[in-house]
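Examining the three-dimensional arrangement
As a plain string of letters, each chain reads:
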Amino acid sequence: MKLSQKYRPAALLIAGLVIAAMACNLGQTTTEEPAPPPSPEESQPETEPDSEPVIESGAVSSLEGVRQAVVQIEAQGTFIDPEVGLQVNVAGRGSGFIVDPSGIAVTNNHVVTGAALLKVWVSGESEPRNARVLGVSECSDLAVIDIEGDNHPYLDWFEGPIDVGLEIYSAGFPLGDPEFTMTKGIVSKANANGETTWASLDSVLEHDATINPGNSGGPLVTSSGRIVGINYATSQMFSQYFAISRDVAAGIIDQLRQDQDVDSIGVNGVAVVSDDRSLSGVWVSSVASGSAADMAGMQPGDILTTMEGLVLATDGTMADYCDILRTHGPDETLRIEVLRYQDEQYLEGQLNGRPLETSFSFKEELGPAVADEGGSTNVSYSSYEWVSDDFGSITVEVPSDWVDVDGSPWLDDGGVIGASIWAAPDLDDFANTWTIPGVIFNVSDDLAKLGGYIQLLDIMRENYIQACELDGRFEYNDGYYRGSYDYLIRCGGSGGSDLLVLSAIPVDGPQEMLILVVVQILSTADLEAADRVLATFDVIGTLP
């Protein structure tokens, strides 16, 4: 019996973007200073016509006319963000542009996927129009939507060569501002690296026409208003801006217009890697209803760790994930593994096949053993709540039934040595008998100066071994803390409780503190509680 490794969302946030930031506005404040408004020369540029041929069509044919075909998109829905957590009924804004008078428009996948509804502002209108998604490409970060209404102004593709030095303009609605913005620049690199944490493109255009969050999905156009690319990413630290080239996008957009998804399973995902690089995968922020991911049972907050046995996102990008999708048809069956952090479960299943099923859970792994020893098989506790010590130094989530809580400091003969939380239905019975479940969570920086987690665990074993039988000692690593735990059974005799005793240290600061967690287990509900304790114990302040 070995504990599954459990990873906290906080340990997954080191996966920096290869291109540094999406160019959409997710409704959050930014520490970046907003770009200054364009100069009169930028907002109303006077330029010589580029060398593209004249196109006889109803498309916009001037730079001044571009604003009539560029739209602002608001996507509303519920998402689970790896940094922020659950976000209910949030609204994020991006840009897009109309490519057909019937209202067909192009934007980025990360702007629209997983949203419950879309609102689109057209040509400066004060009231938004509704729109529906026709098709998306997760790996190319493209989406096509259909906006209400007809006879819209629209943009057409630039037909000349896209070379370094080509004069271009970024159009859109940065930072969620309803005011249309246009900036001027040139193509600085025709084949830049297109690997990011949310998409995988072999090459993209790099340019210097400033974009900011909110420009995602907006067009990159020539001085005659023709489309060169679709803006999707920015590295503001280095003043680098990136667009999906016409040569990559045009063919994919044609497929998306036919109500087809391309290289997609129906998730709004981002590549994540744990601090110690022991866990990587695709964090699922939202799932599109009716998609392959939805039918397989994937949920927001899941981490897709493997596909077809290949570990995903080990380099912090979506490259492996997208390579797998691009080498299989959309209806092919693909084997997947998922870490569901909220429930502390590993699941296995298939896309376009067998739905996800639990492959490992601490509760399920040890539950039968508890039942065999005569323990109760109560299904679960009805609710949990956070408890902290008296100093606000440490916290953990415990069953609401464990109402007797003591947060006084950890003491030895010499006085205070750290922070402590005891919680149980009755602390006197928990401390003096084997018949009441409960938890002890202690943290000490003083003990860390005297010895390691193995020494502490050995000392604790001596305290319990006379009353319990040792089932085994196992390694523990949740990506944030690592150590070992003893699992003891038949404490107090046949039919008695089980005991989990964990000693651990921080992964990033192994000499900073020693952690001790003890959980007394009498039922499968207590096993679930042990899962919750191990998933939530944390140090949040200065130790006493």
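Higher on the page you've got the structure.
What you see is a predicted model; the values in this text were computed from it and never measured.

1. Some words on the overall build of the chain
Scanning the chain for helices and strands turns up nine helices and 31 strands. Expressed as a percentage of its 544 residues, the buried residues of the chain come to 54%. A separation of at least 24 residues holds for 63% of the contacts in the chain among residues at least 6 apart in sequence.

2. Things to note about the packing of aromatic side chains
Inspection of every chain in the model, using the stated rule, returns ten aromatic pairs. Here W422 and F430 contribute two aromatic rings whose centre-to-centre distance is 5.8 Å and whose plane-to-plane angle is 80°, an arrangement assigned as edge-to-face. Each residue in the set F441, Y480, Y481 and F537 is aromatic and connected to the rest through ring pairs, giving one cluster. Here the guanidinium or amino end of R93 rests over the ring plane of W121, the centre of that ring lying 4.5 Å away. Above the face of the Y384 ring, R532 is positioned so that its terminal group lies 4.0 Å from the ring centre.

3. Points about the sheet that holds strand 2 (residues 70-81)
The strands making up a sheet associate through backbone hydrogen bonding, with each pair oriented either parallel or antiparallel. Strands sit in the order 2-3-4-7-6-5 around a closed barrel of six strands; the barrel is antiparallel. Across this sheet, the average inter-strand angle for adjacent strands is 40°, counted without regard to direction. Packed onto the sheet, helix 3 (residues 246-256) meets strand 4 (104-107), strand 6 (129-137) and strand 7 (142-147) and runs at close to 45° relative to strand 7.

4. Considerations on the state of the cysteines
All told, the structure shown has two disulfides when counted by the stated rule. With a sulfur-sulfur separation of 2.2 Å, C139 is cross-linked through a disulfide to C322. Across the disulfide from C139 to C322, rotation about the S-S bond amounts to roughly -100°, and the bridge is consequently left-handed. Of this pair, C139 sits in the loop between strand 6 and strand 7 while C322 sits in helix 5 (residues 319-326), placing them 183 residues apart in sequence. A relative accessible area of 0% means that C322 is categorised as buried.

5. So, the sheet that holds strand 21 (residues 384-388)
Ordered in space as 21-22-31, the three strands form an open sheet in which the pairing is antiparallel. What marks the edges here is a single partner per strand, and that holds for strand 21 and strand 31 (538-539). The sheet contact formed by strand 21 and strand 22 (residues 394-399) spans five bridges and is antiparallel. Within the sheet, the bridge partner assigned to W386 lies in strand 22 and is E397. Relative to strand 22, helix 9 (residues 524-536) is tilted by about 160°, and along the sheet it contacts strand 21, strand 22 and strand 31.

6. Observations regarding helix 9
The end-to-end C-alpha distance of helix 9 is 19 Å, a good match for the 18 Å that 13 residues give at a rise of 1.5 Å each. When you tally the buried positions in helix 9, you get eleven out of 13 residues, the bulk of the element. If you check which residues of helix 9 are buried, you get T524, A525, D526, L527, A529, A530, D531, V533, L534, A535 and T536. For helix 9, the N-terminal cap is S523; the gap from its side-chain oxygen to the backbone nitrogen of A525 is 3.3 Å.

7. Describing unusual backbone geometry
The phi dihedral of D141 is positive, around 55°, even though this residue is not glycine. For D141, the location among the structural elements is in the loop between strand 6 and strand 7.

8. What to know about the pairing of strand 12 (residues 227-235)
Buried residues dominate strand 12, accounting for nine of its nine residues. Where strand 11 (residues 219-221) meets strand 12, three bridges bridge the pair, whose relative direction is antiparallel. When the bridges of strand 12 are listed, L220 appears paired with G229. In textbook terms, the turn of a hairpin is the stretch between consecutive antiparallel strands, and for strand 11 and strand 12 this stretch comprises five residues, one of which, G225, has a positive phi near 80°. Looking at chain direction, strand 12 and strand 13 (residues 240-245) are connected through six bridges and run antiparallel. Across the sheet, I230 pairs through a bridge with I244, a residue of strand 13. With antiparallel pairing between neighbouring strands as the criterion, strand 12 and strand 13 make up a hairpin whose turn holds four residues, including S239 at a positive phi of roughly 55°.

9. Structural notes on the pattern of salt bridges
Under the definition given, this model contains 13 salt bridges. Put simply, R473 and D486 hold a salt bridge, and the shortest N to O gap is 2.7 Å. Of this pair, R473 sits in strand 27 (residues 469-477) while D486 sits in strand 28 (residues 481-491), and the two are 13 residues apart along the sequence. Taking the relative accessible area as the measure of exposure, D486 reaches 1% and is therefore buried. Taken together, the shared-partner salt bridges in this structure form one network comprising D458, R461, R473 and D486.

Thresholds applied
- Residues numbered from 1 in each chain as written.
- Predicted model: local features only at pLDDT ≥ 70, side-chain atom pairs only at ≥ 80, totals over all residues.
- Heavy atoms only, no water.
- Helix = DSSP H or I, 4+ residues; strand = E, 2+ residues; numbered from the N terminus.
- Buried < 20%, exposed > 50% of the residue type's maximum accessible area, 1.4 Å probe, protein only.
- Contact = heavy atoms within 4.5 Å.
- Phe/Tyr/Trp six-rings, centres within 6.5 Å; stacked < 30°, edge-to-face > 60°.
- Lys NZ or Arg CZ within 6 Å of the ring centre and 35° of its normal.
- Pairing = 2+ DSSP bridges.
- Axes fitted to C-alpha atoms, helices over the stretch in contact; angles between N-to-C directions.
- Disulfide = S-S within 2.5 Å.
- Expected span 1.5 Å × (residues − 1).
- Polar contact = N/O pair within 3.5 Å; in protein donor to acceptor, adjacent residues only side chain to side chain.
- Salt bridge = Lys/Arg side-chain N within 4 Å of Asp/Glu carboxyl O.

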